[in-house]
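Descriptive structure summary
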Amino acid sequence: MTQNPAEKIGNTIIMLLLGIFCLFCVVPMIHMFALSLSGNRAIMSGEVTLWPIDLNFEPYKNVFGDLSMIRSLLFTICLVVGYTFVSLIATILAAYPLSRRNFKGRNILFAMIIITMFFNPGIIPNYLLIKELHLLNSVGSLVLPLLINAFLLIILKTSFTQLPAELEDSAWMDGCGHFRYLMQIVLPLSLPILATLALYSAVDRWNMFQDALFYINDSRLYPIQQKLYEIVINSQVNDATAQEGFGGSAPVPESLQAASIMFATVPILLVYPWLQRYFISGMLVGAVKG
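Reading guide: rules and limits
- Residues numbered from 1 in each chain as written.
- Predicted model: local features only at pLDDT ≥ 70, side-chain atom pairs only at ≥ 80, totals over all residues.
- Heavy atoms only, no water.
- UniProt positions renumbered as here; feature names shortened; annotations may be inferred.
- pLDDT = per-residue confidence, 0-100.
- Helix = DSSP H or I, 4+ residues; strand = E, 2+ residues; numbered from the N terminus.
- Contact = heavy atoms within 4.5 Å.
- Core = buried A, V, L, I, M, F, W, Y, C linked by side-chain atoms within 4.5 Å.
- Buried < 20%, exposed > 50% of the residue type's maximum accessible area, 1.4 Å probe, protein only.

Going by what an unreviewed UniProt entry lists, the chain is known as Carbohydrate ABC transporter permease and is assigned to Paenibacillus hexagrammi. Per UniProt, the chain has the following entry under Sequence similarities (unreviewed entry): "Belongs to the binding-protein-dependent transport system permease family." Per UniProt, the comment on the chain under Subcellular location (unreviewed entry) is "Cell membrane".

Structure, rendered in structure tokens:
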């Protein structure tokens, strides 16, 4: 398809802007990777930019040799898989009835769900609720409060609404009930949006550490982000203590902090290539209302 000069210039400008935006996203990760493989002398002198200097694999040996890091990683993988599965089921079961045109009271329920996106009870009421439910120091405190994301629910509900009414009518004529219609027709036609929601849920759960910080005291239940937070904070505390002239543990080397960050980030990045083909089409299906 031929383009006139104005369109070519416009497309070129858009590509340049997107390229610059991509650099802003990628360069910090490259810099962190370079830090994780560099020697302490080069890091302290500020020589490291985008390429390792004084190549050093000791930080990664320490990270992979730390059993608590490996345990946190395995626990986080199991937590993310389980949470994504349960959250997807709960979101489907909530979105389907809200998408039914003959479901009485759906507008009221939908309005109540939207309200939760703007008004949050706050940290203390949430903590007291988790405490009253006896979920402190349990996996339930890391799953139940985040079980349904209102934004993702709205996207899935909109996606279900897009399905042709004629398809539903023909299913009823063939004797389908709601469960069979959902399982055999709605969900197979909604695979792109379901994959997109699963990716969002997995990334949110992987990156979340605040709930573990509030609700978990048992180090065996630390997600990888909470473990990483503990390493960075302890390093800052030890560094400040040393500067004040007090004793204490030696600060964690910056290369070890960078290696820990890479250790906690790369696994979730590996998920994107598997779901990338569903991502754009899924968002368009769920966001555009016909």
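Concerning the confidence of the model for the chain
Taken over all residues, the pLDDT of the chain has a mean of 82, while the share at 70 or more is 87%. Ranking the elements of the chain by mean pLDDT puts helix 15 (residues 272-287) last, at 58, and helix 4 (residues 67-99) first, at 92. Predicted confidence for residues 283-290 stays below pLDDT 50, and this span has 14 contacts to residues more than four positions away or in other chains.

Some words on the UniProt feature "transmembrane region" (unreviewed entry) in the chain
Mapped onto this numbering, the UniProt entry gives "transmembrane region" (unreviewed entry) at residues 12-34, 73-96, 108-130, 142-160, 181-203 and 256-275. Across residues 73-96, helical content stands at 100% and strand content at 0%; the span's end C-alpha atoms are separated by 34 Å. In residues 142-160, the share of helix is 68% and the share of strand is 0%. The end C-alpha atoms are 28 Å apart.

Section: the nonpolar core
Core analysis: the biggest nonpolar cluster contains 26 residues, and Ile92, Leu156, Phe160, Tyr181, Val186, Leu194 and Leu197 have the highest contact counts within it. Elements that contribute at least two residues to this core include exactly helix 4, helix 5 (106-115), helix 8 (150-162), helix 10 (178-189) and helix 11 (191-207). Broken down by element, this core gets its largest block of residues, seven residues, from helix 8. If near-sequence neighbours (up to four positions away) are discounted, Val186 is found in contact with Tyr96, Phe160, Leu163 and Tyr181. By size, the runner-up hydrophobic cluster in this structure holds 19 residues, among which are Leu73, Trp206, Ile224 and Ile268.

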